[in-house]
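# A structural walkthrough
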Amino acid sequence: MKAIRRFTVRPVLPEPLAPIGELARNLRWSWHAPTRELFRAVDPEGWRTAEGDPVRLLGTVSARRLAVLAHDQDFLRRLAEADRDLAGYLHGPRWYQEQGGDGEPLPSAIAYFSPEFGITAALPQYSGGLGILAGDHLKAASDLGVPLVGVGLLYRHGYFRQSLSRDGWQQEHYPVLDPDELPLGLLREADGSPAQVALALPGARRLHARVWHAQVGRVPLLLLDSDVEENAPGERDVTDRLYGGGSEHRLLQEMLLGIGGVRAVRAYCRLTGHPEPEVFHTNEGHAGFLGLERIRELMPYGLDFDSALEAVRAGTVFTTHTPVAAGIDRFDRELVAHHFGDDGELPGVDAGRVLGLGMESYPGGEPNVFNMAVMGLRLAQRANGVSTLHGAVSREMFRGLWPGFDVPEVPITSVTNGVHAPTWVAPELARLGDAGEAPAADIWEVRRELREQLVREVRQRLYASWRQRGANTAELGWIDGVLDPGVLTIGFARRVPAYKRLTLMLRDRDRLMELLLHPTRPVQIVVAGKAHPADDGGKRLVQELVRFADDPRVRHRIVFLPDYGMAMARTLYPGCDVWLNNPLRPLEACGTSGMKAALNGCLNLSVLDGWWDEWYEPDFGWPVPTADGTAAQDDGRRDDLEAAALYGLIEERIAPLFYDRTADGLPGRWIEMVRRTLTALGPKVLADRMVRDYVNRLYAPAAAAHRALALDADAARELAAWKARVRAAWPGVAVDHVEAGTALGTAELGATLALRAGVRLGELRPDDVEVQAVAGRVDADDAIADAQTFPLKPADAGPDEAGRRVYEGPLALDRTGPFGYTVRVLPAHPLLASGADLGLVALPAEAAAGEAPGLLMR
């Protein structure tokens, strides 16, 4: 029979062992090897059974064992060392505390919102790359001393556990997670009662949530949980599953994450004395409603909606993670309107103002759709993609929000993702020391050891998977021969949307079989990945791969492992020799799995997309050629061409290099590529580098803007009023004519043009605008590339009889070839982060029509 209530009875720790409880409650253990080894020493078998989770371990260890440890002097010495080390880590100054901030103080705190966090397998609140990236962001911030506060939701079923049916179809399982068995604690009021936040719902209903707290090193992580008695059954289920449910369910999750998340941060700061955040960072659009809550907070202090919006934008950073429109949450406008206004959140504010922030009200958009990424961009003064290429793709994707500006000027920058080395680097590799100095034989021995570990784990997982699929033990003797520690091993593991092309490797199955079964240079492949539960197309791809891997002819050389997650990944990345990534370019925003592999000396074999497009060098691996142009118009033809290129690379370059051994039996050239990957590529892909970039390029400027606007109501009002005035007057702004001071046609390198432009400002003042010359090389259509801008200055004291003002300035001709220029007028204000901020620009009539003056430079 089943129990009606489940709870955990924990042993009371003897006084000498009290510090071990604190070590278990701080998730730093998940990336600090000495602390993990200490827990292993508590009970080696229990540690294995608990799957490396110290909270579970301490929930099962016997009182007798604890009594023994309480008198074990060696263990107590190690415990005291770990306790002192954690205290020093938590309270000592780190990189952030040593920064000068160029005269401006760095943010006192940053709130980091994400729908998922991949900290450790013991806290399964992630589905894939977005969550793992968020977890690595928190860990690196902790290591650097950056005062982050993480904010997310606590999903009672997490994401799903994946298994396979006998015929290879993905099956989902949703285990119930008991927060009391997770490394969490409730945020409590001073009287001991659980802290709660609440949202207003239509029909005078309320959505209540408790706030759970995890400590990620120095960084607190707050997770909101709607499964509380105060809620009706429908509201209790809001945080049931990650990325589950229909549109309204997802909308309520995102309202709770954004609006409830801000309220949870306020409660945490009130109860703990933590500094209030000056910067709010929304990791993808799911948390975009946080901006609305912050607007609501400011309005009682005498700010209207527009003024509060300016104050909120100043301190907000938005990161977009997808170049795929389908990856963005979009809701029907009526559904969103139903939840705001007098019968929901933001009473007293017209729901139309809320809708205006997310509607796709630009050419090519769908006017009745509320787009969470669009809202994120409109509510943030600073935005970024997650690789250089993704930044460019994002500027193209969202250019409609900044009409009149060329794509390169769309104000979306990029900070390339990174991964947290202490989490992902195998201990065996860490013990190797400086890879630049290590002997080749030592590097190869570590790589061989890691491959052996992968082979053992693959066999264990494959056996468990086949048992779940209904196979009898007597049928599974062949698993003992699956994979070979001496064979070139290729890994491929990720989510399974169509654009990641899980089955590209199957395009020519005969050729793939030849690679797998080559008599002298065989290849083996380990594949893992989950399709979204609602994505039957992705499930069919999984089934196709599984059925191929089930073929008795090749099943010892290619395997599919179900239930891909952090625990599997920590063996998979180090154990592979080559990491494969073959998305449709440019649909991979970053692709951090290849970074984790590289940190372990695994060479990348990837389409030039995401981070690989940015940092590929021949020493680090191989680019898979892409079939752009006409071939790209036919997905089938493109897949054929790119799969053929992939097979060719493996057969003609990669396998021969791996199996080319010197007299001492070492693959000398391969080892040097591993060495270069570790020493030259490794430092680039670190999450430490990523977080430093965020601090210097986004968080520090956002904090300065926050102080100028959010802490100065008059400045926020003035900026909002100025924007309203400029927008109203902009139809009267025009560039009437442009003079170059010389005949057009040709000019000499080094010459200078004296530009004069007649500009109408209408109702605006000269200090409301900036007049610029824009110059650069031009293509056959007279489009300016690699543009440079030069300010033009007023030439006289006032307008002429026609209301025109003359602006002038020199234009140096510093490059040869086809050259062109134009003149434009932009709004200008000291508190704007970008001249494109308002999306307003005035151009000469011929430039607006696609024409441009040109010069042929010689």
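Residues numbered from 1 in each chain as written. Predicted model: local features only at pLDDT ≥ 70, side-chain atom pairs only at ≥ 80, totals over all residues. Heavy atoms only, no water.

## Looking at the overall build of the protein
Helix and strand content of the protein: 28 helices and 28 strands. Judged by the C-alpha coordinates and their principal axes, the protein covers about 95 × 70 × 50 Å. By the burial criterion, 57% of the 858 residues in the protein qualify as buried. For the protein, contacts bridging at least 24 residues in sequence account for 72% of all contacts bridging at least 6. About 34,100 Å² of surface is accessible on the protein, with carbon and sulfur atoms providing 51% of the total. Taken as two groups, the 94 positive and 116 negative side-chain charges of the protein have centres that lie 5 Å from each other. (Helix = DSSP H or I, 4+ residues; strand = E, 2+ residues; numbered from the N terminus. Buried < 20%, exposed > 50% of the residue type's maximum accessible area, 1.4 Å probe, protein only. Contact = heavy atoms within 4.5 Å. Areas by Shrake-Rupley, 256 points an atom, 1.4 Å probe, with all protein chains shown as cover. Lys, Arg positive; Asp, Glu negative; His and termini not counted. Charge placed at Lys NZ, Arg CZ, Asp CG, Glu CD.)

## Topic: the confidence of the model for the protein
Confidence in the prediction for the protein averages 93 pLDDT; 95% of positions are at 70 or higher. Contacts for the low-pLDDT stretch residues 849–858, under 50 throughout, to residues beyond four places or in other chains number 39 contacts. (pLDDT = per-residue confidence, 0-100.)

## Focus: the pattern of salt bridges
On inspection of all chains with the given rule, the structure shows 64 salt bridges. Between Arg263 and Glu345 there is a salt bridge whose closest N-O contact spans 2.8 Å. Of the two residues, Arg263 sits in helix 9 (residues 247–272) while Glu345 sits in the loop between helix 12 (333–338) and helix 13 (351–358), which places them 82 residues apart along the sequence. Under the relative-accessibility criterion, Glu345 is labelled buried at 5%. (Salt bridge = Lys/Arg side-chain N within 4 Å of Asp/Glu carboxyl O.)

## What about the packing of aromatic side chains?
Counted by the stated rule, this structure contains 18 aromatic pairs. Relative to Tyr616, the ring of Trp612 lies with its centre 5.2 Å away and its plane at 65°, an arrangement referred to as edge-to-face. Every member of this aromatic cluster is reached through a ring pair, and the members are Trp444, Trp622, Phe658, Tyr659 and Trp670. Taking the ring centre of Tyr174 as reference, the NZ or CZ of Arg241 above it sits at 3.6 Å. (Phe/Tyr/Trp six-rings, centres within 6.5 Å; stacked < 30°, edge-to-face > 60°. Lys NZ or Arg CZ within 6 Å of the ring centre and 35° of its normal.)

## Considerations on the pairing of strand 8 (residues 219–225)
The two faces of the sheet receive side chains in turn, since in a regular strand these alternate between them. Judged by how many residues are buried, strand 8 sits mostly within the fold: seven of seven residues are covered. Residues Val219, Leu221, Leu223 and Asp225 line one face of strand 8 and the alternating positions Pro220, Leu222 and Leu224 line the opposite face, and both faces are buried. Pairing of strand 7 (residues 205–216) with strand 8 involves seven bridges; the strand directions are antiparallel. Bridge pairing links Trp212 to Leu223 in strand 8. (Pairing = 2+ DSSP bridges.)

## Some thoughts on the nonpolar core
Residues Phe113, Phe289, Phe340, Trp730 and Val825 are the most contacted members of the largest nonpolar core, which totals 97 residues. The element contributing the most residues to this core is helix 9, with twelve residues. Setting aside residues up to four positions removed in sequence, Phe113 forms contacts with Val151, Leu257, Gly258, Gly261, Val262, Val265, Phe280, His281, Thr282, Asn283, Ala287 and Leu290. Core analysis: the second largest hydrophobic core is formed by 65 residues, Val146, Ala214, Val415 and Ala703 among them. (Core = buried A, V, L, I, M, F, W, Y, C linked by side-chain atoms within 4.5 Å.)

## Digging into the environment of Gly273
Among the structural elements, Gly273 can be located in the loop between helix 9 and strand 9 (279–283). Spatially, the C-alpha atom of Gly273 lies 41 Å from that of Glu360, the residues being 87 residues apart in sequence.

## Side note on empty space enclosed by the protein
Applying the stated criterion across every chain yields a total of six cavities of 30 Å³ or more. As for the largest cavity, its lining consists of 13 residues, and the residues nearest its centre are Leu462, Trp466, Ala549, Asp550 and Phe560. Looking at the lining of the largest cavity residue by residue, the classes come out as nine nonpolar, one polar and three charged. Space inside the second largest cavity adds up to approximately 50 Å³. As for the second largest cavity, its lining consists of Pro115, Leu153, Tyr155, Tyr243, Arg250, Gln253, Glu254, Leu257 and His286. (1 Å grid on protein atoms, 1.4 Å probe; cavity = no way out; pocket = protein on both sides within 12 Å on 5 of 7 lines; lining within 4 Å. Points joined across faces, edges and corners; volume = space filled by probe spheres on them. Nonpolar A, V, L, I, M, F, W, Y, C, P; charged D, E, K, R; others polar.)

## Some points on the pairing of strand 27 (residues 817–827)
Of all eleven residues making up strand 27, ten are buried, and the element is well covered by its neighbours. Of the pairings in the sheet, the one linking strand 24 (residues 769–778) to strand 27 comprises nine bridges and is antiparallel in character. Bridging from a neighbouring strand, Ala773 pairs with Val823 of strand 27.

## As for the layout of surface pockets
Estimates place the volume of the second largest pocket at around 850 Å³. Looking at the second largest pocket, it is lined by 35 residues, and the ones nearest its centre are Arg313, Arg378, Arg727, Asp837 and Leu838. Of all the secondary-structure elements, those providing two or more residues to the lining of the second largest pocket are helix 11 (305–314), helix 13, helix 14 (372–378), strand 13 (382–385), helix 26 (687–709) and helix 27 (713–729). If one sorts the elements of the lining of the second largest pocket by residue count, helix 11 sits on top with five residues.

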